[in-house]
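Structural description and commentary
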Amino acid sequence: MHTEERTFIAVKPDAVQRGLIGEIIKRFETKGYKVIGLKMLRVSDAQAKAHYAEHEGKPFYPRLIRYIQSGPIVAMVIQGYGAVAGARHMMGCTDPLKADMGTIRADFAQVMEYNVVHGSDSVESAEREIAIYFNENELFADGKCMSELVIESLDAD
Ligand code: UDP
Ligand code: MG
């Protein structure tokens, strides 16, 4: 049984500053995942704290919060079969040195403190993270594929 999943992806500030927005979105789009939510924003204190709650107290936490607020991010929700694990697979390991070649982090990042992209690690995290950044009315999951558009609109004329 195949069911579609939604996952939260962020193009982190370093990638936005380096002009990699399109490159990173393109990877997910060409995989076939549907972009159902997309916005550029500055992460607020409350959003940063909520997003990275699981890491509070760890040595890298203060720097992580500074990093995610160091410039605008591009937040998106993508949808597809196995999208949570699929997107993580495409991103590669947290540490770009350990990420497989061809993954986003291996291709575009050098150190894990600036690893260009975020992706939810489970369906539960995804729903929690989506709610931090998006209202339901900002998500557009009912986009039709081209064949449906042709049948429903062109053939109806
Ligand atoms: N991070 C870091 N140092 C570490 C571990 C993580 O700077 O030792 C940063 C890194 O940017 C990572 C983020 O904190 O993407 C969240 O860490 P997590 O373990 O959740 O990795 P991810 O899920 O992003 O792969
Ligand atoms: Mg994580």
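To be clear, the structure that these remarks concern was listed above.
Residues numbered from 1 in each chain as written. Chains lettered and ligands numbered in written order. Predicted model: local features only at pLDDT ≥ 70, side-chain atom pairs only at ≥ 80, totals over all residues. Heavy atoms only, no water.

**Re the side chain of His-55**
Along the polypeptide, His-55 turns up in the loop between α3 (45–51) and α4 (61–68). Of note is the side chain of His-55, whose polar atom sits 3.0 Å from the side chain of Lys-58. Those residues in contact with His-55 that sit more than four places away from it in its chain are Phe-60, Tyr-61 and Leu-64. (Helix = DSSP H or I, 4+ residues; strand = E, 2+ residues; numbered from the N terminus. Polar contact = N/O pair within 3.5 Å; in protein donor to acceptor, adjacent residues only side chain to side chain. Contact = heavy atoms within 4.5 Å.)

**Let's talk about the packing of helix α2 (residues 21–31) against helix α5 (residues 83–91)**
Relative orientation of the contacting elements α2 and α5 amounts to 130°, with a least axis distance of 11 Å. With respect to α5, the axis of α2 lies oblique. Here α2 runs over α5; the crossing is right-handed. Every residue of α5 that contacts α2 at Arg-27, Phe-28 and Lys-31 is listed here: Ala-87, Met-90 and Met-91. Grouping the amino acids of the contact of α2 with α5 by side-chain chemistry returns 4 nonpolar, no polar and 2 charged. (Axes fitted to C-alpha atoms, helices over the stretch in contact; angles between N-to-C directions. Parallel < 35°, antiparallel > 145°, perpendicular 65-115°, else oblique. Left-handed = near helix turned anticlockwise from the far one by under 90°. Nonpolar A, V, L, I, M, F, W, Y, C, P; charged D, E, K, R; others polar.)

**Details of the layout of surface pockets**
Estimated volume of the largest pocket: approximately 510 Å³. Along the wall of the largest pocket there are 20 residues; nearest its centre are Tyr-52, His-55, Phe-60, Leu-64 and Thr-94. Elements with a minimum of two residues in the lining of the largest pocket: α4, α5 and β4 (117–119). For the lining of the largest pocket, a count of residues per class yields 6 nonpolar, 5 polar and 9 charged. (1 Å grid on protein atoms, 1.4 Å probe; cavity = no way out; pocket = protein on both sides within 12 Å on 5 of 7 lines; lining within 4 Å. Points joined across faces, edges and corners; volume = space filled by probe spheres on them.)

**Brief notes about the site of ligand 1**
Surrounding ligand 1, one finds Lys-12, Tyr-52, His-55, Phe-60, Leu-64, Tyr-67, Arg-88, Thr-94, Arg-105, Met-112, Glu-113 and Asn-115. Between Arg-88 and ligand 1, the recorded distance is 2.7 Å, taken from a side-chain N or O atom to an oxygen atom. The backbone of Met-112 places a nitrogen or oxygen atom 3.0 Å from an oxygen atom of ligand 1. Considered on its own, ligand 1 offers 500 Å² of accessible surface; in the complex 83% of this is hidden by protein. Among the detected pockets, ligand 1 sits in the largest pocket. Class assignment of the residues belonging to the shell around ligand 1 gives a composition of 5 nonpolar, 3 polar and 4 charged. (Near = heavy atom within 4 Å. Areas by Shrake-Rupley, 256 points an atom, 1.4 Å probe, with all protein chains shown as cover. Sits in = over half its atoms within 2 Å of the grid points.)

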